[in-house]
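Chain and residue survey
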Amino acid sequence: MTPTRQEAWELVEEWVQSDSLRKHLLGVETGMVAYAQRWGEDEQLYAVTGLLHDLDYERYPDLATGHPRKALELFEQRGYPQELIDAVAGHATFLGVPRETKLAKTLYAVDELSGFISACALVRPTGIEGMTPKSVKKKLKQPSFAAGVNRDEVRDGAEELGVDFDEHVALLIGAMEYRADELGLAPTAA
């Protein structure tokens, strides 16, 4: 059974202490909901998948034995939809789980890029306000900027999803700009 948004957020509050990781989860949720709305998909399923995809990252950061395995075990114990479980498994490329559903492909496409967009917004005086796909693509070409973001996954995600890269970036910027205050991406006071 799909958890409610409230149930998912309560899990985040229990498992995730880091403000930056919480904001990342909210950013991914935002992008997921934007795509669910665009395609007429289940907004609650998309939202909670985005919120929960890195649930265990802080507690179990070791990718060889931990994240996302501990979260996947929890989701199975709670009887969460297999589609959600497969999407969370699929976003971790090192697990080798194929991304076969639109939900799984969306999570993969939104995850790294939403984090990168946040990083771009944080170095701009205007935050995410007025950000363009062009400025994001320019930053993607600078390997030293947000070096932890996998550029191949950013590009592959849009390709797997079958969306134009500029449109993909624009959709996420628009969705995240709408929640800029909550995501910590609003313009900084002069």
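To be clear, the structure that these remarks concern was listed above.
Summarised in this report is the structure supplied together with it. (Residues numbered from 1 in each chain as written. Predicted model: local features only at pLDDT ≥ 70, side-chain atom pairs only at ≥ 80, totals over all residues. Heavy atoms only, no water.)

Observations regarding the layout of surface pockets
Put simply, the test is: Cavities and pockets are found on a 1 Å grid laid over the protein atoms alone: a cavity is a set of points where a 1.4 Å probe fits but cannot escape, a pocket is an open set with protein on both sides within 12 Å along at least five of seven lines, and a lining residue has an atom within 4 Å of such a point. Grid points are joined across faces, edges and corners, and a volume is the space filled by probe spheres set on the points. Helix and strand labels come from DSSP, where a helix needs a run of H or I of at least four residues and a strand needs a run of E of at least two; each type is numbered from the N terminus. Under the scheme applied, nonpolar residues are Ala, Val, Leu, Ile, Met, Phe, Trp, Tyr, Cys and Pro; charged residues are Asp, Glu, Lys and Arg; polar residues are all the others, including Gly.
The calculated volume of the largest pocket comes to roughly 700 Å³. Lining the largest pocket we find 30 residues, and of these His24, Asp54, Asp111, Glu112 and Gly115 sit closest to its centre. Within the residue set of the lining of the largest pocket, elements represented by two or more residues are α2 (19-39) and α6 (102-122). By residue number, the principal contributor to the lining of the largest pocket is α6, which donates eight residues. Considered class by class, the residues forming the lining of the largest pocket number 13 nonpolar, twelve polar and five charged.

Description of the packing of aromatic side chains
Aromatic rings in a pair are described by how distant their centres are and how their planes are angled relative to each other. Stated formally: Whether two aromatic rings pair depends on their centres lying within 6.5 Å, for rings of Phe, Tyr and Trp, where Trp uses its six-membered ring; planes under 30 degrees apart make the pair stacked, over 60 edge-to-face, and the rest tilted. Only protein chains enter the area calculation, which uses a 1.4 Å probe; residues under 20% of their type maximum are buried, those over 50% are exposed, and those in between are partly exposed. The rule is short: NZ of Lys or CZ of Arg within 6 Å of the ring centre and within 35 degrees of the ring normal puts a charge over the ring.
Throughout the structure, instances matching the rule amount to four aromatic pairs. Their ring planes at 50° and their centres at 6.4 Å tell us that tryptophan 15 and tyrosine 60 sit as a pair that is tilted. One end of the pair, tryptophan 15, is in helix α1 (residues 5-15); the other, tyrosine 60, is in the loop between α3 (43-52) and α4 (69-77), and 45 residues separate them in sequence. Residue tryptophan 15 is classed as buried on the basis of its relative accessible area, which comes to 10%. Tyrosine 60 gets classed as partly exposed once you look at its relative accessible area, which sits at 33%. Judged by centre distance (4.7 Å) and plane angle (35°), the rings of tyrosine 35 and tryptophan 39 are tilted. Taken together, the residues tyrosine 35 and tryptophan 39, both in helix α2 and four residues apart, mark about one turn of the helix. Taking relative accessible area as the criterion, tyrosine 35 reaches 0% and is therefore assigned buried. A cation over an aromatic ring shows up here: lysine 70 above the ring of tyrosine 60, its NZ or CZ 5.4 Å from the ring centre. If you follow lysine 139 out to its NZ or CZ, it ends over the ring of phenylalanine 145, 4.6 Å from the centre.

As for a nonpolar patch on the surface
Counted only if it meets this: The patches reported here contain residues having more than 30% relative accessible area and no salt bridge. Joining distances are 9 Å for like charges and 5 Å for nonpolar side chains (Val, Leu, Ile, Met, Phe, Trp, Tyr). Per-residue accessibility takes into account occlusion by the displayed protein chains alone, with areas from the Shrake-Rupley method and a 1.4 Å probe. We define a salt bridge as a side-chain nitrogen of Lys or Arg found within 4 Å of a carboxyl oxygen belonging to Asp or Glu.
A contiguous nonpolar surface patch, about 270 Å² in accessible area, is contributed by Tyr57, Leu63 and Phe94. Relative to the helices and strands, leucine 63 is located in the loop between α3 and α4. Relative accessible area serves as the criterion here: at 38%, leucine 63 is assigned to the partly exposed category.

Examining the nonpolar core
Keep this limit in mind: Only buried residues count toward a nonpolar core. Its members are Ala, Val, Leu, Ile, Met, Phe, Trp, Tyr and Cys residues joined through side-chain atoms within 4.5 Å. Residues count as neighbours in contact if any of their non-hydrogen atoms are within 4.5 Å of one another.
Counting 57 residues, the largest nonpolar core has Leu52, Leu55, Phe75, Ile117, Ile128, Met131 and Val136 as the members making the most contacts within it. Sorting elements by how many residues they give to this core places α6 first, with ten residues. What phenylalanine 75 contacts, discounting residues up to four positions off in sequence, is Leu52, Leu55, Tyr80, Leu84, Ile85 and Val88.

Looking at helix α9 (residues 165-178)
Applied cut-off: The length a helix should cover is 1.5 Å for every residue beyond the first. We define a polar contact as two N or O atoms separated by no more than 3.5 Å, with the added condition that, inside protein, one atom must be a possible hydrogen donor and the other a possible acceptor, whereas residues neighbouring each other in sequence contribute only through side-chain atom pairs.
Relative to the 20 Å expected for 14 residues at 1.5 Å per residue, α9 spans 20 Å between its end C-alpha atoms, a close match to the ideal helical length. What α9 keeps buried is the set Phe165, His168, Val169, Leu172, Ile173, Ala175 and Met176. The inward-facing, buried residues of α9 abut α2, α6, α7 (133-140), α8 (151-161) and α10 (180-183). The residue sitting at the N-terminus of α9 and contributing the capping side-chain oxygen is aspartate 164; that oxygen lies 3.1 Å from the backbone nitrogen of aspartate 166.

Some points on the packing of α2 against α9
Put simply, the test is: Lines fitted to the C-alpha atoms define the axes, with helices restricted to the stretch that makes contact. Angles between their N-to-C directions range from 0 to 180 degrees. By the definition adopted for this analysis, an angle is roughly parallel if under 35 degrees, roughly antiparallel if over 145, roughly perpendicular if from 65 to 115, and oblique otherwise. Helix crossings fall into two classes, left-handed where the near helix is turned counterclockwise from the far one by less than a right angle and right-handed where it is turned clockwise.
Following both chains from N to C, one finds α2 and α9 inclined at 115°, their axes separated by 9 Å at the closest point. If you check the angle between α2 and α9, you find them roughly perpendicular. The way α2 lies across α9 gives a crossing that is right-handed. Judged by residue contacts, Gly27, Thr30, Gly31, Ala34, Tyr35 and Arg38 of α2 engage Glu167, His168, Leu171, Leu172, Ala175 and Met176 from α9. When grouped by side-chain class, the residues that make up the contact of α2 with α9 number six nonpolar, four polar and two charged.

Just distances and angles here, no functional claims.
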